[in-house]
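A closer look at the structure
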Amino acid sequence: MRAVLSIAAVALRRMLRDRSNLFFVFILPLLLVLLIGMQFGGSFEPHLALHVEEGAGALADDLVAAVEEADVFVIDRADDAAGVVDRVGRGAAAAGLTIPAGYDAALRDGGTVEVGLIVSPSATDQGVASTVRAAVGQQAATVRAARTVADASGVSFDEALARVEAVAAVVPGVAVETSRLGESAFSDFEGLGQFDLGASSQLLLFVFLTSLAGSATLIQARQWGVSRRMLSTPTSARQIVLGEALGRFAVALVQAAYIVVGTRVIFGVDWGDPVGAAAVIVVFCLVSAGAAMLIGATFSNDAQAGGVGIGVGLGLAALGGSMAPIEVFSDTMQRVAHLVTPHAWANDAFAELVRRGGGIGDIVVELAVLLVVAAVLVTTASWRLHRVLVRS
Amino acid sequence: MRAAVTISLKDLRERVRDRSALLFGIVVPLGLAFVFSSVFGGAFGVDLDLDYAVVDLDGGPVAAAFVDEVLPAVVAEGLGEVTTSDDVEYVRERVREGELTAAFVLPEGFSEAVTSGRGATIEVLGNVDASIGTQIAAAIASGFATEVAAVQLAVGATLGPDAADPEAIDRIATAVSEQAAPVAVGEVETRRRELDPVTYLSAGMAVFFLFFTVQFGVTSLLEERRVGTLQRLLAAPVGRWSVIGGKLLTSFVLGVVSMAVLVIASDVLIGAVWGDPLGVALLVVCGVVAATAIMALIASVARTSEQANVWQSIIAVVLGSLGGVFFPIASGGWLGRLTLLTPHQWFMRGLSAMAGGGGPVDALPAAGALLVFAAVGFGLAAVRMRGEGLR
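Notes on the structure in this doc start here. (Residues numbered from 1 in each chain as written. Chains lettered and ligands numbered in written order. Predicted model: local features only at pLDDT ≥ 70, side-chain atom pairs only at ≥ 80, totals over all residues. Heavy atoms only, no water.)

1. Here's the deal with the interface of chain B and chain A
Between chain B and chain A, the residue contacts involve 86 residues of the former and 86 residues of the latter. Interface of chain B and chain A: buried area, both sides summed, is about 7,300 Å²; carbon and sulfur atoms make up 69% of it. Put simply, chain B and chain A have two salt bridges between them. The interface formed by chain B and chain A contains 20 residue pairs in polar contact (both at pLDDT 80 or more). Here the side of chain B that touches chain A is composed, by residue class, of 51 nonpolar, 21 polar and 14 charged. Here strand β4 (residues 113-119) of chain A pairs with strand β5 (residues 183-189) of chain B via seven bridges, running parallel. Within the sheet, the bridge partner assigned to V113(A) lies in β5(B) and is V183(B). (Contact = heavy atoms within 4.5 Å. Buried area = accessible area lost by both parts, 1.4 Å probe. Salt bridge = Lys/Arg side-chain N within 4 Å of Asp/Glu carboxyl O. Polar contact = N/O pair within 3.5 Å; in protein donor to acceptor, adjacent residues only side chain to side chain. Nonpolar A, V, L, I, M, F, W, Y, C, P; charged D, E, K, R; others polar. Pairing = 2+ DSSP bridges. Helix = DSSP H or I, 4+ residues; strand = E, 2+ residues; numbered from the N terminus.)

2. Structural notes on the pattern of salt bridges
All names here are of chain B. With the rule as written, the count across this model stands at 16 salt bridges over all chains. Here E224 ties to K10 by a salt bridge, and the two come within 3.0 Å at their closest N and O atoms. Note that E224 is positioned in helix α9 (residues 215-227) and K10 in helix α1 (residues 2-18), a separation of 214 residues in sequence. Note that R226 and E223 form a salt bridge whose closest N and O atoms lie 2.6 Å from each other. Placement of both R226 and E223 in helix α9 is noted, with a separation of three residues, approximately one turn of the helix. Residues participating in the shared-partner salt-bridge network are K10, D11, E14, E224 and K247.

3. Structural notes on the sheet that holds strand β2 (residues 74-77) of chain A
Strand pairs in the sheet, formed through backbone hydrogen bonds, run parallel or antiparallel to each other. Across the sheet, five strands lie side by side as β2(A)-β1(A)-β3(A)-β4(A)-β5(B); this open sheet has mixed pairing. Strands at the two margins of the open sheet, each flanked by one partner only, are β2 of chain A together with β5 of chain B. Ignoring strand direction, the axes of neighbouring strands in this sheet form an average angle of 25°. Sheet topology note: the strand β1 (residues 47-52) of chain A/β2(A) ladder contains four bridges and is parallel. Each residue of the ladder has a partner; that of A49(A), found in β2(A), is D76(A). (Axes fitted to C-alpha atoms, helices over the stretch in contact; angles between N-to-C directions.)

In structure tokens:
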């Protein structure tokens, strides 16, 4: 037993003493949680680029006020029409509006005037464009009413407009009431802390990735003859395998604990029910340890193992919903994610714990699946490692 | 010159035999780009096939105008389908289930309320996850409401609030509708200078791993010093700069070849659209030179190849993350300014500038920025090399 523990302790000490790990294990995860939280954690408000030419007049100001009142987007004023086009082209604004000089004068004179609406072909920006069109339509309707009144009653346009505006204050008009029905796949994302989503998904990504990257040490031990020397002592191959497994698990657990504590302290991340969260983390560390051992037992070139480890680590993380939430995947991809990656199940468990406030009883299925995966990986890896050791 | 090429060829042969360059340079980035594009490529797509329904509980003339004139125009525009129904609960259920994008409900007494100047409401029921379709439905209803309001305003302002004479009302309604639209909306569709998700991810992965690929050439200098072959090289009638040149050439060739393979493979296999070939070639060459320069600078500062590798990896990951290869970095704030200090961001910007049909001229500013990175990197590295010597 002591041999097993000391082998595990060596693995842990090597990981902590390696100075390059200072960045990849400790700094990078928090850096990414910070970046993700800053980019995606806040709420999204589309932008409208606006340019009103000098001398556009009072009615132009009314139009702008109507657009602002819709309170649907943030308005960025540009210095000229080219600036508006540039912003929409770059994607900094969802749509752009330009109001020419003489807008007010033309309308009061009974003429027509054209405003410029710059739209992008992207479907998601159509909402902003249609809000602008609605605001323009409303002002146009007011002007038409005023012109009709002026013709029918023989008063000046300005007088007619005043009368129309007075009526508008009194007549309720036709309201459009929109209600949303149904259960959203995204409903429980509201109320999530800014950094919560990034923290849990990055935890899984880094624990798995760090474990896989650390598998190189297993290979180096064989390359440098350390394993051979260990076998020449009264330590059985089985004890060595157990020690390595425990070592991989300890490394993964330290990485996980660091991220949980670090994000809680620095970003105030909520990890949900502590018992449930601890269970998910322990089981996922077992899975990562198993995967690392399997790579360590299978490859004999540590540079190759490193490359494969990074590729597999990042790939499974992406597939498993640790880069974009699984909820945005298509149905097929969601099925693939659950079939191929442990991350998908662990992310589901965290979604239950953090977003829906569940407890350990609600994640039994996810835990069971992860345990089975861990058991398969660790057993297979141990068997392989045992064979490789004994043969060498 | 020939010595540099010979040295480079030897290094390249070693790399290819080792397969590690192949792994980092091509297999891993391509694999990741493929995974990412399957995950993200279709995920954010928006289906704009709209299924609307309308329930007219009123039957009056104003409601009929909406059902018989406004909605058919929507269908004629090709925006989607509209079905009529009598059963509000059934329609409500279908919207809730997501079978309908949205539905319009015109309540009983709608027309009566409108013509007598009282308030009236059109209800729009939208499926919670079909936000764009619901927005469009709300816009259609609003447009109609605006028309109706125009008539109400004109009637109210001319005939007074208690107007009841149907003939007079009719006359005014006609007059309003005959008024020419005073404000025209001139719509201009811009060329979106943005990369689509698949191309963005492919380009991001390619430029990220580029910084790992070029490490092999510049770091081998330190490795050769450790192994002892460097001294033997310098003992030969080969200039010091030929040796360095050979190493840099290795990095350059590895970088360009791997990028070229990634560009072509991502285009053919996962449908990435990189843009004008000349512009892409320009950006790739400038990008490879910039990456080589930065990695060379780090190698010139490090003492051992292992130290160099660690620092190069750290810098590559930090610059890549800040440069937006994993997810786009918005242009505002201090983060938006920080991202401009990374060559990765400029590479992506160069590609974006050409997106949607631009030419190589659009990529020139980004290419220039990349060359600035290269000049700074090589300049500082040269100073280090001259000072330290290649002992």
